[in-house]
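A structural walkthrough
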Amino acid sequence: MALKQYNPTTPSQRGLVLIDRSALYKGRPVKALTEGKTKSGGRNNKGHVTSRGIAGGHKQRYRIIDFKRRLWDVEGTVERIEYDPNRTAFIALVNYGEIEGKANVAYILAPQRLNVGDKVIAGKKTDVKPGNAMELGQVPVGTIVHNVEMKPGKGGQISRSAGTYVQVVGRDKGMVIVRLNSGEQRYIHATCMATIGAVSNPDNQNQNLGKAGRNRWKGIRPLTRGVAKNPVDHPHGGGEGRTSGGRHPVTPWGKPTKGARTRHNKATDKMIIRSRHAKKKG
């Protein structure tokens, strides 16, 4: 997909850069593959705000995505590529034909270079083509994949956002070594599923929304800087005149907010070969 730029006819149009979605399907999603989505406004069951910056936004229906790809050895045809308001990637509607007397369709994450009419299949070992899914242990070394499982049968968890991918870099005793976009290298069990290719819509990061209102449409509210608050409301608050905080950046609750390690999972530490925090030489 290409980017769309606009003539500066208004202040909000100046600098506006959006994704050109003209090639996507323009109708409604398959109703049986959607469900209602309630909005909490960032509030818990007591009405207290527990997640700041959330409220409003356009109404959305959640599209049920097949992250597991466990319908093995059944070839499906891509009927259309659709926009999904719940994620940055595009989704593809796959028709598997009639199974046990009823039509079987499913949404999957659309990889790059997957087009309408293409055939996709999932199985233990398949052709290395965008949209095909197979076990990581069967994927050739050097291949780029996405929607990677971390536990067999749990469904894809890694690399589901627009433009992301994981590279298979080796194998070792029933495990597969993969390199993530962050630079982290880790082991994943060889029977975990992964889909060939990188996720669609790589230009998502190059958008410029142009005005605050577009963020409000997404359900994202403004964020007040800590240094603009009073000391009772934020550790950076107060001071005579304009200040820069006077300490290392922290959250409103005093936790370090830039670069502090937050990972505390000893059970899976052994799966990480190279941390994403490892300093690059040179």
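In what follows, the accompanying structure is described. (Residues numbered from 1 in each chain as written. Predicted model: local features only at pLDDT ≥ 70, side-chain atom pairs only at ≥ 80, totals over all residues. Heavy atoms only, no water.)

**Here we look at the pattern of salt bridges**
- Following the criterion strictly, the structure yields six salt bridges and no others.
- For glutamate 149, the salt bridge identified is with arginine 70, shortest N-O distance 3.1 Å. Here glutamate 149, found in strand S11 (residues 148-149), pairs with arginine 70, found in the loop between strand S4 (61-63) and strand S5 (76-82); they are 79 residues apart in sequence, far enough to count as distant.
- Of the charged contacts in the structure, one is a salt bridge between glutamate 135 and lysine 124, with a shortest N-O distance of 3.3 Å. (Salt bridge = Lys/Arg side-chain N within 4 Å of Asp/Glu carboxyl O. Helix = DSSP H or I, 4+ residues; strand = E, 2+ residues; numbered from the N terminus.)

**What to know about the sheet that holds strand S14 (residues 175-179)**
- Within the open sheet, the seven strands sit side by side as S9-S16-S10-S13-S14-S15-S17. Their pairing is antiparallel. If you trace the sheet from one side to the other, it starts and ends with strand S9 (133-135) and strand S17 (272-274), each paired once. Direction aside, neighbouring strands of the sheet carry axes that sit 45 degrees apart on average.
- Here S14 runs beside strand S15 (residues 185-189); their pairing, made up of five bridges, is antiparallel. Residue pairing for S15: arginine 179 is matched across the bridge by glutamine 185. (Pairing = 2+ DSSP bridges. Axes fitted to C-alpha atoms, helices over the stretch in contact; angles between N-to-C directions.)

**Some remarks on the packing of aromatic side chains**
- Tallying each qualifying case throughout the model produces zero aromatic pairs.
- The ring of tyrosine 83 carries arginine 21 above its face, with NZ or CZ at 4.0 Å from the centroid.
- For arginine 80, the ring lying beneath its charged end belongs to tyrosine 25, and the centroid distance is 3.9 Å. (Phe/Tyr/Trp six-rings, centres within 6.5 Å; stacked < 30°, edge-to-face > 60°. Lys NZ or Arg CZ within 6 Å of the ring centre and 35° of its normal.)

**Some details on the pairing of strand S13 (residues 166-172)**
- Two elements, strand S10 (residues 144-146) and S13, share two bridges in a ladder whose sense is antiparallel. By the bridge assignment, isoleucine 144 is partnered in S13 with glutamine 167.
- Two elements, S13 and S14, share five bridges in a ladder whose sense is antiparallel. Bridge pairing in S14 links aspartate 172 to methionine 175.

**A look at the nonpolar core**
- Counting 16 residues, the largest nonpolar core has Leu136, Val145, Val148 and Val178 as the members making the most contacts within it.
- Sorting the residues of this core by element identifies S13, S14 and strand S16 (193-196) as the ones contributing at least two each.
- Excluding residues that lie within four positions of it along the chain, valine 145 makes contacts with Leu136, Val139, Ser159, Tyr165, Val166, Val168, Ala194, Thr195, Ile196 and Gly197.
- Listed in part, the 13 residues of the second largest apolar core include Val78, Ala106, Ile108 and Ala110. (Core = buried A, V, L, I, M, F, W, Y, C linked by side-chain atoms within 4.5 Å. Buried < 20%, exposed > 50% of the residue type's maximum accessible area, 1.4 Å probe, protein only. Contact = heavy atoms within 4.5 Å.)

**Details of the environment of lysine 173**
- Position of lysine 173 among the secondary structure elements: in the loop between S13 and S14.
- Since its relative accessible area comes to 83%, lysine 173 is described here as exposed.
- Taking the C-alpha atoms as reference points, lysine 173 and proline 11, separated by 162 residues in sequence, lie 59 Å from one another.

**Some thoughts on the environment of serine 244**
- In this fold, serine 244 is placed in the loop between helix H1 (212-217) and S17.
- Overall, the relative accessible area of 69% leaves serine 244 in the exposed class.
- Counting along the chain gives 211 residues from serine 244 to leucine 33, while the straight-line C-alpha distance between them is 50 Å.

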